[in-house]
4 protein chains.
Amino acid sequence: MRLLFLGDLVGRTGRTAAIEALPGLIEDNAIDFVIVNGENSARGFGITEEILRDVLDAGADVVTTGNHVWDQRETLVYIERQDRLLRPVNFPPGTPGRGAHLYTARNGARVLVINAMGRIYMDSLDDPFAAVEAALEACPLREVADAIVIDFHAEATSEKQAMGHFVDGRVSLVVGTHTHVPTADHQILPGGTAYMSDAGMCGDYDSVLGMDKEEPISRFLRKIPTARFAPAEGEATVCGVAVEIDDATGLATDVAPLRIGGRLAQVTPPFWPDGKR
Amino acid sequence: MRLLFLGDLVGRTGRTAAIEALPGLIEDNAIDFVIVNGENSARGFGITEEILRDVLDAGADVVTTGNHVWDQRETLVYIERQDRLLRPVNFPPGTPGRGAHLYTARNGARVLVINAMGRIYMDSLDDPFAAVEAALEACPLREVADAIVIDFHAEATSEKQAMGHFVDGRVSLVVGTHTHVPTADHQILPGGTAYMSDAGMCGDYDSVLGMDKEEPISRFLRKIPTARFAPAEGEATVCGVAVEIDDATGLATDVAPLRIGGRLAQVTPPFWPDGKR
Amino acid sequence: MRLLFLGDLVGRTGRTAAIEALPGLIEDNAIDFVIVNGENSARGFGITEEILRDVLDAGADVVTTGNHVWDQRETLVYIERQDRLLRPVNFPPGTPGRGAHLYTARNGARVLVINAMGRIYMDSLDDPFAAVEAALEACPLREVADAIVIDFHAEATSEKQAMGHFVDGRVSLVVGTHTHVPTADHQILPGGTAYMSDAGMCGDYDSVLGMDKEEPISRFLRKIPTARFAPAEGEATVCGVAVEIDDATGLATDVAPLRIGGRLAQVTPPFWPDGKR
Amino acid sequence: MRLLFLGDLVGRTGRTAAIEALPGLIEDNAIDFVIVNGENSARGFGITEEILRDVLDAGADVVTTGNHVWDQRETLVYIERQDRLLRPVNFPPGTPGRGAHLYTARNGARVLVINAMGRIYMDSLDDPFAAVEAALEACPLREVADAIVIDFHAEATSEKQAMGHFVDGRVSLVVGTHTHVPTADHQILPGGTAYMSDAGMCGDYDSVLGMDKEEPISRFLRKIPTARFAPAEGEATVCGVAVEIDDATGLATDVAPLRIGGRLAQVTPPFWPDGKR
Ligand SMILES: [Fe+2]
Ligand SMILES: [Fe+2]
Ligand SMILES: [Fe+2]
Ligand SMILES: [Fe+2]
Ligand SMILES: [Fe+2]
Ligand SMILES: [Fe+2]
Ligand SMILES: [Fe+2]
Ligand SMILES: [Fe+2]
């Protein structure tokens, strides 16, 4: 089974690049399942229902989020009817929407997607390890799910790596989001779980986190806010990670990054039909 | 001019891998200058004078550090006589050692190395932007220095990117350390400065930050310390970044990661004699 | 019903002052129930079983703790047989010891004591609000408990005040600990719950948090650790809060601070036999 | 010399209470100098020039601020012409306004007021200890200033106490602000400096930090913002600290809190004409 995950869409340039790239990527490479983190797709802050629909129409099966999930107020309402939009699973009980759900891939496989959020240097949510454990117990790999992906939206590399090891052998892929910078530590952990600390954003890399760089730099230097943050508008790099999953075990047999367009070094998974090293 | 930077050496496996790799890398590729971050080389915590000598003997021209610089108490003393060891430049006035210094490379070029530390999610030091500005004013590119490298030891990608843009066009390379995970966002910024958010550690990537994974995972799960942290002992990946610097401008003409050995995907700079894509 | 709570005992001077003061205070003022926070009683870090016994022998009915609870490793073991020692209730499931328990006071009243820990600027524990809610549901005021006290070990005044309002009318007293500084905001909230943001420590107030002031000041100035932290040894002020609880409602009818000995302005509850304004 | 300091004015109820109380307090007690922290006086966020004038007209000699100083954009402009408004002294060089200034009291004494901001759990500013040291060197007690007051706007009690000891014997008063809760640790330190960790706010104490309690409580429980923060509107307690300063030494001879109106226990300095214990 072939799966693609794209990191945080940032602003118009990031979401447009992802939306334009997805149909071709899916068709050319026979991708079975696509997950996209959309928490910054609406001018950098949250996601509207209209943007969600556009991303799903482009071929995403699931859209995950993170700390910015409620930046657009309408999300608190429409998330109840949009079961392809996930918010972090370790929000308090009673939070609108869902944090983990079982979907059916193009190849008929059942894919459990879990969206969890870290706590180191972030808001004080419920324990993401316990929340992930509960989601896995409810829907174990090979028993209920054919593949399991965790989008671990977190800041600290320690927490991300700990999550990877915690579920190693029990999920297909743990991929981090939130730092908006792709990491080069993609690997298959000893137990068979593919891991990458951060997928990186889909956005303009001549920026600070995908936002126009002037205001953030000014705040670091002067400690005075003088303008709102707005997304940078240069050409985006579509950043993500691709995984080949064994149909029998649900574990990863190959993992590699995808980076196309924009300023970053271009790379496509070598195990894809149009892959190149 | 050809420059190599290696990220945080973690424990015996990390420093041994780097020490064994450096002489061959330098000779085979005619590297003019080598910088290594050594803040975790002594069992994960700080650096002893003996280890410092070993790293310098292996071919490093400068050893940088970070928040762990004083973990070995002797460092407060011996740093005064070791001008090839840097500690963050934005420590308070009166701190032993130095945070920026001008060195001579194998090719005769004068290289200014600045070691600065971020403040987001870290200890409250003096302003790294102001400290870097002061160091650059004292020793400007093309006037005093032929090349300038900043090791920005920081947690947050926002602060690292802001630093990159802040000095773009005024230094040869800004490379981050501290997260112990290599990023894949190496690029030459619009003004000509090579940039990479984190070089990654030289250490065992079947770990949490290069440390044996059991105790950190246990602390995330149980919130109780039960043992000391100790470095993992599996084969290390030597992680770093290579830069080609224009002799006339001091700016970067090429930048690429280096990752050899251990679990991560292997890569050597394509512009090196023994490079491969 | 008359209840006394003493804040964090810090080191020998703090615990000795509390141990010497308690028997007289209890007898002279007919105090029915005494709670003491002991998390810093063993040289500033944690509590040994021997010190716990001394504090209980002096008249404490319950000893609460906080983030320093496990500083003495033996506590992980002996807490299982010491049901008068509480650790924060919002540690993960499976943590040794207990975080809430029902005790019988000298007057026969059943007193529920809950020890919870805040998350703002502190470690990432489970939700203290949810944990307190669960403890209250298991043992409601007037149905099971005649009085309920929450020691909310937290840093931020916002979180402490929010906890006070959250349980207002459902518990007898919410008192904060951890900052080691007594607050002067003791009041009875609109619903009848006595509240005080911090009880203050029992320790030497010519110090930094009860610890010898030289090393902490040096670290603020120089950003270099040069010695271990050790408790200050000057005369301690015994700091706490006294509450009068209505037997019928379990709510507070009066609340006032206690501060005796040492450097702080002396005050005893005006509603006590030996009280003075 | 008789000096009064009032803590953070929060919203209409807080600033009105302070403005109405000041003229009578000053006249009845022959107060020579009044400092008020005004950082939350404009609907909880910052201070407008109109409110500044009202507070000065009521008798304040200086208005200090903190992290909320720039919440009202106009402050960046008008602070340049208002030398009785201070912003934290450890903002970066080039910041509008001033952080320390010498004023003349009603009795002719020259009073240096320094407004500094802590860094623990707060934004990453320049070193407040170094900034205070520089301000004191420029204007030492007994040589240039007859009295010196530091408003240390900080979160952590450790940093506040360290500042107190750092300047002990060199200033008349160190008083903390920012937590919006008055502390009961007022004392004269060994060197003669009056100290109090926090003056407390002038605001409604049936609230969370002076703001209407519903929204903050909801955010702690649900982790979802659903409304803006707005000041609570109940009767405010005017909170502050009074100091008697020796004309010859500039050091404190007496220190006591002031709390009048609203929900907190009422107290006026016993050494004032209308003081009562
Ligand atoms: Fe994001
Ligand atoms: Fe995020
Ligand atoms: Fe570090
Ligand atoms: Fe490191
Ligand atoms: Fe404590
Ligand atoms: Fe504590
Ligand atoms: Fe404030
Ligand atoms: Fe503040």
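For clarity, every value in this text was computed on a predicted model and none was experimentally measured.

A. Structural view of the UniProt feature "binding site: Fe cation 1" (unreviewed entry) in chain A. Residues and elements named next belong to chain A. Under the UniProt annotation, the feature "binding site: Fe cation 1" (unreviewed entry) is placed at Asp-8, Glu-39, Asn-40 and His-180. Spatially, the listed residues are clustered: although they cover 173 residues, their C-alpha atoms lie within 11.2 Å of one another. By the secondary structure assignment, Glu-39 is in the loop between β2 (33–37) and α2 (49–57). With respect to the element layout, Asn-40 can be found in the loop between β2 and α2. Using a relative accessible area of 3% as the deciding quantity, one classes Asn-40 as buried.

B. The sheet that holds strand β9 (residues 194–196) of chain D, seen in detail. All names here are of chain D. Ordered by their spatial adjacency, six strands build an open sheet running β4-β5-β6-β7-β9-β8, and the pairing between neighbours is mixed. Lying at the two open borders of the sheet, with one neighbouring strand each, are β4 (100–104) and β8 (187–188). Of the pairings in the sheet, the one linking β4 to strand β5 (residues 110–117) comprises five bridges and is antiparallel in character. When the bridges of β5 are listed, Tyr-103 appears paired with Val-111.

C. Region of the structure containing the coordination of the iron ion (ligand 1). Residue and element names in this part refer to chain A. Only Asp-8 (OD), Glu-39 (OE), Asn-40 (OD1) and His-180 (NE2) from the protein reach the iron ion (ligand 1) as donors, at distances of 2.1 to 2.2 Å. Coordination at the iron ion (ligand 1) comes from four donor atoms whose angles at the metal span 87 to 165°, giving a geometry best classed as irregular. All donors to the iron ion (ligand 1) come from one chain, and their sequence spacing reads D-x30-E-N-x139-H. Here the iron ion (ligand 1) and the iron ion (ligand 2) are spaced 3.4 Å apart, linked through Glu-39, which binds each one.

D. Spatial organisation of the interface of chain A and chain B. Across the contact, 39 residues belong to chain A and 40 residues belong to chain B. Carbon and sulfur atoms make up 62% of the area that chain A and chain B hide from each other, which totals about 3,600 Å². Where chain A meets chain B, there are zero salt bridges. Summed over the shared surface of chain A and chain B, the number is 14 residue pairs in polar contact (both at pLDDT 80 or more). Contributions of two or more residues to the side of chain A that touches chain B are made by α5 (157–166), β8 (187–188) and α6 (214–222) of chain A. It is α5(A) that provides the largest number of residues to the side of chain A that touches chain B, a total of seven residues.

E. Here's a closer look at the environment of Glu50(B). Mapped onto the fold, Glu50(B) is located in helix α2 (residues 49–57). Spatially, the C-alpha atoms of Glu50(B) and Arg73(B) are 13 Å apart, while their sequence positions differ by 23 residues.

F. Spatial organisation of unusual backbone geometry. Of note in this structure, His178(B) is not a glycine but carries a positive phi near 105°. Structurally, His178(B) is set in the loop between β7 (173–177) and β8 (187–188). His178(B) gets classed as buried once you look at its relative accessible area, which sits at 15%. In the Ramachandran plot, Arg43(D) falls in the positive-phi region, its phi being about 55° despite a non-glycine side chain. Structurally, Arg43(D) can be placed in the loop between β2 (33–37) and α2 (49–57). You can call Arg43(D) exposed: its relative accessible area is 62%.

G. Broad picture of the interface of chain A and chain D. Contact with chain A, which involves 16 residues of that partner, is made by 17 residues of chain D. In this assembly, chain A packs against chain D so that about 1,200 Å² is buried in total across both faces, 60% of it on carbon and sulfur atoms. Considering only the surface of chain A that becomes buried against chain D, Arg73(A), Lys223(A) and Ile224(A) emerge as the three largest contributors, covering 41% of it. One can count two salt bridges joining chain A with chain D. Two residues, Asp123(D) and Lys223(A), come together in a salt bridge whose shortest N-O distance is 3.4 Å. Scanning the region where chain A abuts chain D turns up four residue pairs in polar contact (both at pLDDT 80 or more). Grouping the constituent residues of the side of chain A that touches chain D by class yields nine nonpolar, three polar and four charged.

H. Representation of the coordination of the iron ion (ligand 7). Residues and elements named next belong to chain D. Summarising the metal site, the iron ion (ligand 7) is bound by the protein donors Asp-8 (OD), Glu-39 (OE), Asn-40 (OD1) and His-180 (NE2), whose distances to it range over 2.1 to 2.2 Å. Classification of the site at the iron ion (ligand 7) as irregular follows from its four donor atoms and the range of 87 to 165° in their angles at the metal. Counting residues between consecutive donors of the iron ion (ligand 7) along the chain gives the motif D-x30-E-N-x139-H. Between the iron ion (ligand 7) and the iron ion (ligand 8), a separation of 3.4 Å is found, and both are coordinated by Glu-39. Taken together, the residues Asp-8 in the loop between β1 (2–6) and α1 (11–29) and His-180 in the loop between β7 (173–177) and β8 connect sequence positions 172 residues apart. Since its relative accessible area comes to 6%, His-180 is described here as buried.

I. Structural view of the packing of aromatic side chains. As enumerated under the stated definition, the model contains 22 aromatic pairs over all chains in all. Here Phe33(A) and Tyr103(A) contribute two aromatic rings whose centre-to-centre distance is 6.3 Å and whose plane-to-plane angle is 45°, an arrangement assigned as tilted. Pair noted here: Phe33(A) is in strand β2 and Tyr103(A) is in strand β4 (residues 100–104), with a separation of 70 residues, a long-range link. Judged by its relative accessible area of 0%, Phe33(A) falls in the buried class. Ring plane angle 65° and centroid distance 6.4 Å describe the contact between Phe129(C) and Phe152(C), whose orientation is recorded as edge-to-face. On the criterion of sequence distance, the pair formed by Phe129(C) in helix α4 (residues 128–138) and Phe152(C) in strand β6 (residues 147–153) is long-range, its members being 23 residues apart. Through successive ring pairs, a cluster of aromatic residues spans Phe129(A), Phe152(A), Phe166(A) and Phe220(B). Across from the ring centre of Phe166(A), 5.1 Å away, lies the NZ or CZ of Arg170(A), which sits over that ring.

J. Structural detail: the sheet that holds strand β3 (residues 62–64) of chain B. All names here are of chain B. Reading across the sheet, the five strands line up as β3-β2-β1-β10-β11 and stay open at both edges, with mixed pairing between neighbours. Because the sheet does not close on itself, it has two edges, and the strands there are β3 and β11 (252–260). If you compare each strand with its neighbour and ignore which way they point, the axes differ by 20° on average. Sitting on the sheet, helix α1 (residues 11–29) touches β1 (2–6), β2 (33–37), β10 (238–245) and β11, and the angle it makes with β1 is about 170°.

Rules used throughout
- The written sequence of each chain sets the order in which its residues are numbered from 1.
- Here chains are named by letter from A upward and ligands by number from 1 upward, in the order in which they appear as written.
- With the structure being a predicted model, the display of local features is reserved for residues of pLDDT at least 70 and the display and counting of side-chain atom pairs for 80 or more, all residues being used for whole-chain, interface and lining totals.
- Computation of side-chain values: all heavy atoms of the structure, hydrogens and water removed.
- UniProt positions are given in the numbering used here, feature names are shortened, and annotations may be inferred rather than shown by experiment.
- Secondary structure counts use DSSP, requiring at least four H or I residues in a row for a helix and at least two E residues in a row for a strand, with both numbered from the N terminus.
- Each residue is assigned to one of three classes by its accessible area relative to the maximum for its type, calculated with a 1.4 Å probe on protein chains only: buried under 20%, partly exposed between the two thresholds, exposed over 50%.
- Paired strands, as defined in this entry, are two strands with at least two bridges between them according to DSSP.
- Excluding water, the donors of a metal are its N, O and S neighbours within 2.8 Å, or within 3.2 Å for Na, K and Ca, and that exclusion means sites may look incomplete.
- Here the metal geometry follows the donor angles, with tetrahedral for four donors whose angles all fall between 85 and 135 degrees, square planar for four and octahedral for six when opposite donors are more than 155 degrees apart and every other angle is between 65 and 115, and irregular for all the rest.
- We call two residues contacting when some pair of their heavy atoms lies within 4.5 Å.
- Each of two parts loses accessible area, computed with a 1.4 Å probe, when they are put together; buried area is these two losses added.
- Salt bridges are identified by distance alone: a Lys or Arg side-chain nitrogen within 4 Å of an Asp or Glu carboxyl oxygen.
- Counting of polar contacts relies on pairs of N or O atoms within 3.5 Å, with two restrictions inside protein: one atom must be capable of donating a hydrogen and the other of accepting it, and residues adjacent in sequence are counted only when both atoms are side-chain atoms.
- Nonpolar residues are Ala, Val, Leu, Ile, Met, Phe, Trp, Tyr, Cys and Pro. Charged residues are Asp, Glu, Lys and Arg, and all others, Gly as well, are polar.
- The criterion for an aromatic pair is that two Phe, Tyr or Trp rings (for Trp, the six-membered ring) have centres within 6.5 Å, with stacked assigned to planes under 30 degrees apart, edge-to-face to planes over 60 apart and tilted to the rest.
- Should the NZ of a Lys or the CZ of an Arg lie within 6 Å of a ring centre and within 35 degrees of the ring normal, that charge is described as sitting over the ring.
- In this description, a line fitted to the C-alpha atoms serves as the axis of each element, helices being fitted only across the stretch in contact, and the angle between N-to-C directions of two axes falls anywhere from 0 to 180 degrees.

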